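Secondary and tertiary structure notes
Here's the letter readout for the chains.
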Amino acid sequence: MAFPKDFYWGGATAANQLEGAWNEDGKGIACPDICTGGSANTSKRITPEIKEGIFYPSHQAIDHYHRYKEDIKLFAEMGFKMYRFSISWTRIFPNGDEKEPNEKGLQFYDRLIDECLKYNIEPMITISHYEVPFGLTKKFNAWVSREMIDCYLNYCRAIFTRYKGKVKYWLTFNEINSATTPVGGFLNQGILNEIKEMEFMNQVDIPQNRFQGLHHQFVASALAVKLAHEIDENYQVGCMNIMATSYPLTCKPADVLYNQKQSQIMNWFCSDVQCRGKYPNYIHRYFKENNIEIHMKDNDEQILKEGCVDFYTCSYYMSNCQTSDPEKQILGKGNLLGGVPNPYLKASDWGWQIDPEGLRFSLNEIWDRYQLPVFVVENGLGAYDKIEEDGSIQDDYRINYLKSHIEQMHEAILDGVNLKGYTPWGCIDLVSASTGEMRKRYGFIYVEKYDDGSGDFSRRKKKSFYWYKKLIETNGEDL
Ligand code: BGP
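Because the structure is a prediction, the values reported are computed rather than measured. (Residues numbered from 1 in each chain as written. Predicted model: local features only at pLDDT ≥ 70, side-chain atom pairs only at ≥ 80, totals over all residues.)

The next point concerns the UniProt feature "active site" (unreviewed entry) in the chain. UniProt's feature table lists "active site" (unreviewed entry) at Glu378, given in the numbering used throughout. With respect to the helices and strands, glutamate 378 occurs in strand E9 (residues 374-378). Among the residues examined, glutamate 378 registers 26 C-beta atoms within 10 Å and is labelled buried. Excluding anything up to four places from it in sequence, glutamate 378 contacts Ala12, Ser315 and Trp425. (UniProt positions renumbered as here; feature names shortened; annotations may be inferred. Helix = DSSP H or I, 4+ residues; strand = E, 2+ residues; numbered from the N terminus. Buried ≥ 20, exposed ≤ 12 C-beta atoms within 10 Å, placed from the backbone. Contact = placed C-beta atoms within 7 Å.)

In structure tokens:
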């Protein structure tokens, strides 16, 4: 089994989940610094004042800010061809609306990018990965407001100009379609509906806000594509979606239709806008039925048309089933993305149902729909890892998970999909986005940091480290 010769093997991370140094060198406060995205699902409250000394995962994370050299060296040892990471917006614009960027923030990414290039690792940069400046949330409730577009573009201009000639691949928003669900409101868009209360549990979801926010993000993304091409014609700008593959629970036509409708909103709406340059027809009925009214400016449609992305990327972790039966919808306990469990699949310790064939299925659908180069920029198994007495970490479960997904990616390539690369998630252990924990680990590299704040941040190679290294060396031949 061989992959295309120039296939990008690598790994992926996000700034707030690994950098730490949350208030160093002029960095401002980002939404996840006061509440990890996942806390929106739990009973954790966010407090307006951030108290020093409280261990909060993203404040220290895995201290990559100070240890990036060691980490990139380990990635290089595995043979990475690509490293997907995000820039922390608040390192560059601490409140989000300053006129001039923070030089020290830019310098950190100078060093990080240079370190990658030193080992011939191609950076792929997520511009906004679940990390809106909290200043913009306070000022105008973030993406609900159109003012965000200018703030975002100012940020894009600063980094597109600075890293010109060094970076080729950019992603405008991480998992943009998360905002089609209530979870994405704060996580992706920095939207709080009750800013005064600062409480998530009682936050009433307002779909109007999320979808208006998405419209602003679409316009911002389209303008960013244009700007990137103006600044450097070699820049390639992509979209990034959660691919929440879903199947009808039964072959009852009502289930099949229900699944199609769910999937249109969850999986296709955002990428249809970003890849095809216009709102799809099916969304108008959904808006009507949910009392959503999108406020657009006169030339927004033109902007969307002219700002189609150059390539498509997605995360893929699991699949689910959809049923039209409201009783089953309530009784069934699906994974994070909703739906009901698939009786044919097993789940991870966090209830995410493992479905490698679903990846092949979705890659075919994506390619048929857009005919754009595709990257799988997140995939992996969050698991509890144990250090054995001899110091090793025998993570065969992770190897099996990755292996089975890689096999299916290969099948998809044989099916004719133009798959360009694979950057599994959390190539080094980091803070979980949905739970805010360290104990949910994805990495090839173990980090000694624990949820009670203990641990010295030391790095240790897991069994999967050696496995992945061999896989890359043989370009997928040696699975
Ligand atoms: C994606 C996010 C990542 C990441 C991953 C794993 O949704 O883009 O930021 O964390 O999921 O999720 P978790 O950390 O919740 O296990």
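What follows deals with the packing of helix H4 (residues 64-78) against helix H6 (residues 103-118). At a minimum axis distance of 10 Å, the contact between H4 and H6 shows a crossing angle of 5 degrees. Classed by the angle they form, the pair H4 and H6 counts as roughly parallel. Between H4, through Tyr65, Tyr68, Lys69 and Ile72, and H6, the contact on the second element is made entirely by Phe108, Leu112, Glu115 and Cys116. Partitioned by chemical class, the residues of the contact of H4 with H6 number six nonpolar, no polar and two charged. (Axes fitted to C-alpha atoms, helices over the stretch in contact; angles between N-to-C directions. Parallel < 35°, antiparallel > 145°, perpendicular 65-115°, else oblique. Nonpolar A, V, L, I, M, F, W, Y, C, P; charged D, E, K, R; others polar.)

Strand order in the closed barrel formed by eight strands is E1-E2-E3-E4-E5-E7-E9-E10, with parallel pairing between adjacent strands. With strand direction ignored, the average angle separating the axes of adjacent strands in the sheet is 30 degrees. (Pairing = 2+ DSSP bridges.)

Where helix H16 (residues 396-415) contacts helix H17 (residues 463-473), the two axes come as close as 8 Å, and the packing angle between them is 30 degrees. For the element pair H16 / H17, the angle class is roughly parallel. Crossing geometry of H16 relative to H17 is assigned as right-handed. Mapping the contact onto sequence places Asp396, Arg398 and Ile399 in H16 and Lys463, Ser464 and Trp467 in H17. Looking at the contact of H16 with H17 residue by residue, the class counts come to two nonpolar, one polar and three charged. (Left-handed = near helix turned anticlockwise from the far one by under 90°.)

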